[in-house]
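Summary of structural features
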Amino acid sequence: MTQSIQSSPLYNEDLAPASPTRRTWGTYNFAALWISMSVNILTYMLAASLIQGGMNWKQALFTVFLGNTIVLVPMLLNSHPGAKYGIPFPVLARASFGVLGANFAAVLRALVACGWFGIQTWIGGEAISTLLAVLVPSWKDFPHATAVCFMAFWLINLLVVLKGIEYIRILQGISAPILLGVGLLLLGWAYHAAGGFGPMFSVQSKFTTFPMFLKFLIPALNGTVGFWATVSLNIPDFTRFARNQREQVIGQALALPTTMTLYSFVGIVVTSATVVIYGTAIWDPVQLLSRFHSPVVVVISLIAILLATLNVNIGANVVSPANDFSNLWPRGINFRTGGIITCFMGVAMMPWKLLSDYGTFIFGWLGGYAAFLGPVAGIMICDYFVIRRRELVLDDLYLRGGTYEYSRGFNWKAILALALGAGVALSGFVIPATKFLYAYSWFVGFVVSFSAYWLSMPRILKK
């Protein structure tokens, strides 16, 4: 980068293009990234919520696999510019939204990450509370037990952010094996307690007709896509470190759908077993572990969940919003400050309400933010592949008055396309006659915004 770029108010070291010496990620690294991010409690809960919603194990597994195969497409498309130019998501967004307008897309993405940060932290707090109740039975009678533990786990996350991301690097290699171990433990318990796989697999779907099944499948599939719609936008934050395009594509394509489906299988089977054993579907593994009678098993399992949740939370839910908030004021907000903002916003998102039941989680949270992230993905993919034919002026992404200045730093055509796509998708939430639009919120938002942006941009750029 030239000296003029480095002195620009749009530049800081965290947002700068990755240098050749930093581009060391190969196929293994991207596969490991997705294995470590996919093997987490929320993957289990997503799959388990489908069982609680009424699907049988085959229907739930198919939904998870199909949703993750679909979301892999925008994931790989948005990965390309990150690997080619070494730039993170908020800088890439400057090409389509303008050097200042990119903050619209970045803040939308950051707020969703803050929500996920809060959800993961609440799960960690819940695990601490359950652990304490095993060690000190009277703890469960304390009226604000989970809230106190939530704040304690929140402070642990904040301390890690203050220490720096490298502080948790030692946990990255063991988080996936830890949760795989917990998953296998639950699977073994389910097999024994339910009397084998036969009774578990015999749990029937509550959908007796195909139209009934389709009515639940559509929003469930939309929620499954929405589960990784966040990372499908900010994946350049990781692919900027790729050695080449081929390795990042192979690594992601091999690991994302397969790992999500395999670990979801654990959640699906164990939740099906709870129907057989307890007569009701228990979709929260922490609540399920709390029913075990062995303090040793409960303590070991919940400590494992706690460590793995901490690692996934920092890696998946702090890296991106920290960059996004830094993009708001590159000279005043660095990566660490952005991470601190994320921690406080995570509490403000009230994660306890988002996890109140499976309907709120799938239809409210996942479906709601998908209505905003689908349009952002549509605009960015259209801009990079259709409008600009994969060619960006790298220096101008960090300068005022350059190619991406548009109207005083804002590309209002992109912002209007975003508003149109999100508005059409969300109309189904308030207008009963168009409910299907909200059920397909990510897909509707993507198509509407992609089309609106393509039609509104100058034809000269398409030559």
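As the structure is a prediction and not an experimental result, all values here were calculated from the model. (Residues numbered from 1 in each chain as written. Predicted model: local features only at pLDDT ≥ 70, side-chain atom pairs only at ≥ 80, totals over all residues. Heavy atoms only, no water.)

Details of the environment of V297
We apply this condition: Counting from the N terminus, the helices are the DSSP runs of H or I reaching at least four residues and the strands are the DSSP runs of E reaching at least two. Note on classification: 1.4 Å probe, protein chains only; a residue is buried when its accessible area is under 20% of the maximum for its type, exposed when over 50%, partly exposed between these limits. Should any heavy atoms of two residues lie within 4.5 Å, those residues are counted as being in contact.
In this structure, V297 sits in helix α15 (residues 295-317). We classify V297 as partly exposed; its relative accessible area is 27%. Between the alpha carbons of V297 and G409 there is a distance of 57 Å; along the sequence they are 112 residues apart. Look past the residues within four positions of V297 in its chain and what remains in contact with it is L185 and F292.

Side note on the state of the cysteines
The line we're drawing: Throughout, a disulfide means two cysteine sulfur atoms within 2.5 Å of one another.
According to the stated counting rule, one finds zero disulfides in the structure shown. You can see C149 has no disulfide; the closest cysteine sulfur is in C343, sitting 18 Å from it.

Here's the deal with the packing of aromatic side chains
Condition: Each Phe, Tyr or Trp ring (for Trp, its six-membered ring) is paired with any other whose centre lies within 6.5 Å, and the angle between the two planes then decides the class: stacked below 30 degrees, edge-to-face above 60, tilted in between.
Evaluated as defined, the whole model comprises 28 aromatic pairs. Plain terms: the ring middles of W122 and F150 are 5.3 Å apart, the flat faces sit at 55 degrees to each other, and that makes the pair tilted. Taken together, the positions of W122 in helix α6 (residues 102-135) and F150 in helix α7 (residues 145-163) put the pair 28 residues apart, joining distant regions of the chain. A single burial state applies to W122 and to F150, both of which are buried.

What to know about the packing of α6 against helix α17 (residues 335-348)
Rule in force here: Helix axes are fitted only over the stretch in contact, all axes being lines through C-alpha atoms; the angle between N-to-C directions runs from 0 to 180 degrees. By the definition adopted for this analysis, an angle is roughly parallel if under 35 degrees, roughly antiparallel if over 145, roughly perpendicular if from 65 to 115, and oblique otherwise. By convention the crossing between two helices is left-handed if the near helix lies anticlockwise of the far one by an angle smaller than a right angle, and right-handed if it lies clockwise.
Taken N-terminus to C-terminus, the directions of α6 and α17 make an angle of 70 degrees; their axes are 7 Å apart at the nearest point. As summarised for this structure, α6 and α17 are arranged roughly perpendicular, according to the angle between their axes. Viewed along their axes, α6 and α17 form a crossing whose handedness is right-handed. Side by side, α6 and α17 meet where L111, C114, F117 and G118 of the first sit next to T342, C343, M345 and G346 of the second.

Things to note about a nonpolar patch on the surface
As a reminder of what qualifies: For patch detection, residues must exceed 30% relative accessible area and be free of salt bridges, and they are connected within 9 Å for like charges or within 5 Å for nonpolar side chains (Val, Leu, Ile, Met, Phe, Trp, Tyr). Exposure was quantified through the Shrake-Rupley algorithm and a 1.4 Å probe, taking into account, for residues, occlusion by the shown protein chains and nothing else. A carboxyl oxygen of Asp or Glu within 4 Å of a side-chain nitrogen of Lys or Arg is what we treat as a salt bridge.
A contiguous nonpolar surface patch, about 340 Å² in accessible area, is contributed by F104, W412 and L416. Along the polypeptide, W412 turns up in helix α20 (residues 412-430). The exposure class assigned to W412 is partly exposed, which follows from its relative accessible area of 44%.

Considerations on the environment of D396
Mapped onto the elements of the fold, D396 is located in the loop between α19 (358-387) and α20. A residue is classified by how much of its surface remains accessible, and D396, at 15% relative accessible area, is buried. Each C-alpha atom of the pair D396 and R94 lies 9.4 Å from the other, and the pair is 302 residues apart in sequence. Sequence-distant contacts of D396, defined by excluding residues within four places in its chain, comprise V99, G402, T403 and Y404.

Describing the side chain of T121
Inclusion rule: For this analysis, a polar contact is any N or O atom pair within 3.5 Å, provided that within protein one partner can donate a hydrogen and the other can accept it, and provided that sequence-adjacent residues contribute only side-chain to side-chain pairs.
Along the chain, the position of T121 falls in helix α6. Here T121 falls in the buried class, since its relative accessible area comes to 1%. Within the structure, T121 has its side chain in polar contact with the backbone oxygen of F117 (distance 2.6 Å). Every residue in contact with T121, bar those within four places of it in the chain, is listed here: F150, F153, W154, N157 and N313.

Some points on unusual backbone geometry
One non-glycine residue, R390, lies in positive phi territory at about 65 degrees. Counting through the fold element by element, R390 comes out in the loop between α19 and α20. We note that R408 has phi near 55 degrees; this positive angle belongs to a residue other than glycine. Of note, R408 is situated in the loop between α19 and α20.

Some points on helix α3 (residues 41-52)
The test is simple: Take the number of residues in a helix, subtract one, and multiply by 1.5 Å to get its expected span.
Here α3 spans 16 Å end to end across 12 residues, near enough to the 16 Å set by a 1.5 Å rise per residue. Among the 12 residues in α3, 11 count as buried, and that is most of the element. When α3 is considered as a whole, its buried residues turn out to be I41, L42, T43, Y44, M45, L46, A47, A48, S49, L50 and I51.

Digging into empty space enclosed by the protein
Empty space among the atoms becomes apparent when a probe as large as a water molecule is rolled across them. The criterion, for reference: Here a cavity denotes grid points, spaced 1 Å and computed from the protein atoms alone, that fit a 1.4 Å probe unable to get out, and a pocket denotes an open set having protein on both sides within 12 Å along at least 5 of 7 lines; residues with an atom within 4 Å of a point are the lining. Grid points are joined across faces, edges and corners, and a volume is the space filled by probe spheres set on the points. Classification used: nonpolar for Ala, Val, Leu, Ile, Met, Phe, Trp, Tyr, Cys and Pro, charged for Asp, Glu, Lys and Arg, polar for all others including Gly.
All told, the structure shown has three cavities of 30 Å³ or more when counted by the stated rule. Taken as a whole, the largest cavity encloses approximately 130 Å³ of empty space. In terms of lining, the largest cavity is formed by 13 residues, of which the most central are W116, F227, W228, A316 and N317. Elements represented by at least two residues in the lining of the largest cavity include exactly α6, α11 (229-234) and α15. Taken together, the residues of the lining of the largest cavity sort by class into eight nonpolar, four polar and one charged.

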